[in-house]
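Topology and contacts: notes
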Amino acid sequence: MRRLHACLSAAAVVVLAAAGTTALVAADASGATPQDALSNRWYAAAPYLMPLDNDPPDAGAIMDATGLKAFQLAFVLAPNGGGCSPTWGGTAPVSSDTAVQSTINTIRAKGGDVSVSIGGYGGTKLGQACADAASTAAAYQQVITKYGLHAIDFDLEEPEYENTAAIKNEIGAAKILQQNNPGLYVSVTTAGTADGTGWFGKQMLLEAKSQGFTPNNFSIMPFDGGFNGAASQTSALTNFNSILQSTFGWDEATAYAHEGFSGMNGRSDTGEIFTQADFQTVLDYATSHHMDRFTFWSINRDRQCSPPDNGGRTSGTCSSVAQSDWDFAKYSVKFAGVTPPTGTPTPTPTPTPTSCKPAWNSSTAYTGGTEVSYEQHNWKAKWWTQNEVPGASTWGPWQDEGAC
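The numbers attached to residues start from 1 for each chain and follow its sequence in the written order. Two thresholds apply to this predicted model, a pLDDT of at least 70 for residue-level local features and 80 or more for giving and counting side-chain atom pairs, whereas whole-chain, interface and lining totals are computed over all residues. Just so you know, side-chain values use all the structure's heavy atoms and leave hydrogens and water out.

With respect to the packing of aromatic side chains
The geometry of an aromatic ring pair comes down to the distance between the two centres and the angle between the two planes. For Phe, Tyr and Trp, where Trp contributes only its six-membered ring, two rings pair if their centres lie within 6.5 Å, and the inter-plane angle classes them as stacked under 30 degrees, edge-to-face over 60, or tilted in between. Applying the stated rule across the entire model yields 19 aromatic pairs. Members of the aromatic cluster, connected to one another through ring pairs, are Phe261, Phe279, Phe294, Phe296, Phe328, Tyr331 and Phe335. Directly above the aromatic system of Phe335 lies the positively charged group of Arg41, at a separation of 3.6 Å from the ring centroid. Here, a charge over a ring is recorded when the distance from Lys NZ or Arg CZ to the ring centre is within 6 Å and its angle to the ring normal is within 35 degrees.

Observations regarding helix H7 (residues 199–210)
Strands are runs of DSSP state E lasting at least 2 residues, helices are runs of H or I lasting at least 4, and numbering of each runs from the N terminus. A helix's residues, less one, multiplied by 1.5 Å, set its expected span. Taking 1.5 Å as the rise per residue, H7 with twelve residues should run 16 Å; its terminal C-alpha atoms sit 16 Å apart, in good agreement. Only protein chains enter the accessibility calculation, which uses a 1.4 Å probe; a residue is then buried when its area is under 20% of its type maximum, exposed when over 50%, and partly exposed in between. Residues Gly201, Met204, Leu205, Glu207 and Ala208 constitute the buried set of H7. Buried residues of H7 fall within an arc of 155 degrees about the axis and therefore sit on the same side. Opposite the packed face of H7, turned more than 90 degrees from it, sit the exposed residues Trp199 and Ser210. Throughout, a contact is declared for two residues whenever any of their heavy atoms are within 4.5 Å. Of the surrounding secondary structure, the elements contacted by the buried residues of H7 are helix H6 (164–180), strand S8 (184–191), strand S9 (217–221) and helix H8 (229–248). Note on H7: the residue one or two positions beyond its end, Gly212, has a positive phi of about 70 degrees. The arc in question is the one traced by the directions running from the helix axis out to the C-beta atoms.

Topic: the pairing of S8
Two faces, one strand: in a regular strand the side chains alternate between the faces of the sheet. Counted residue by residue, S8 has eight buried out of eight residues, so it is predominantly covered. Where strand S7 (residues 151–155) meets S8, five bridges bridge the pair, whose relative direction is parallel. Residue pairing for S8: Asp153 is matched across the bridge by Ser187. The parallel pair S7 and S8 is bridged by H6, and the resulting crossover is right-handed. Pairing of S8 with S9 involves five bridges; the strand directions are parallel. Following the sheet pairing, Val188 is matched in S9 by Phe218. The definition of a right-handed crossover adopted here requires that, viewed with the strands pointing away, the path from the first strand over the helix to the second runs clockwise. Following the chain from S8 across H7 to the adjacent parallel S9, one finds a crossover that is right-handed. We treat two strands as partners when DSSP finds at least two bridges between them.

Points about the state of the cysteines
Two cysteine sulfurs form a disulfide in these notes if their separation is within 2.5 Å. Taken as a whole and judged by the stated rule, the model has two disulfides. The disulfide bridge from Cys84 ends at Cys130, spanning 1.9 Å between sulfur atoms. Between Cys84 and Cys130 the disulfide shows an S-S torsion of about 100 degrees. By sign, it is right-handed. Here Cys84, found in the loop between strand S3 (70–77) and strand S4 (87–88), pairs with Cys130, found in the loop between helix H4 (126–129) and helix H5 (133–147); they are 46 residues apart in sequence, far enough to count as distant. Note on Cys130: relative accessible area 4%, which makes it buried. Between Cys305 and Cys318 runs a disulfide, and the two sulfur atoms are separated by 2.1 Å.

The structure is reproduced here in structure tokens:
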């Protein structure tokens, strides 16, 4: 339910190599030597960043302002036109990418690193498009090799996690990657419910058990399911811990050591509100129970809406709650065990106003990639659509590209 792929989406992480260990992956396509791995804690704390959509912020500026070192880049999908090869968002082939590589280079030049997230909410996943686990793993290995990754994130959500064959491919691929990339740290993220996770999430756990696959953590996303602040989220995490215990035969401490949290900052897709205080409460819970992961969707949203919108709408580019830029990223830094910088960060320059695209028309048929304007925001069609109002549904065909 992640999430405003426009939204939004949600999560699963794979990370390669512990602190001080050189990742055993090939050089990227440019021939550059891969970055030495950060500590696993940084990859586990990395917030989601869409590098090509949702008004991507300056990752280097965020690092300077907060001390953050790692980002979770989203999302790798199968091509929209079909096939078993990795793309960014279904449209930009990984094999020929230079834009995301540039973002990665900027982050690494400042001593940071990235993980890559595969899946998310919406689009066609490689587990659905590829014939089996081996071919799915081969597609993901292209991503690991190109970018010299130490981390990869399996974000298994609707509609993929309702597809038994696709989940078998994804879990099988994760196991293969774990075996073929020594030290690979793998986390799998799925939807959260008040009970921990739903039927499909439990079936995914059973698939992992049947394949003998144990990632470093399974994370849930306790939002978009009738949650109300931190208390409901920590309750879900407690219930999910019980599910991990009963599924894998772990004791409570072992289950927490394999458990993760992936939240949503500000206003969620369904109108729930999660403030900085909620993040602090969940962070305290995660650290006191020695959980393995604490992340959020997304850093594209980690800034106040302009003008302030007081929770009235959910956006892929701002939080809809009162905040300073990158407030929520500081909780990721705390989870990683580093104290954020003190003082006031350098203000973000006021961006040049974006011109509005042609106005949306209910009678016009739009193909994927077409841009329109509606209610002083630009929107981009994710797939073919007609007579579907931009912003009417966070799971709908329109991606919010920000105010115009």
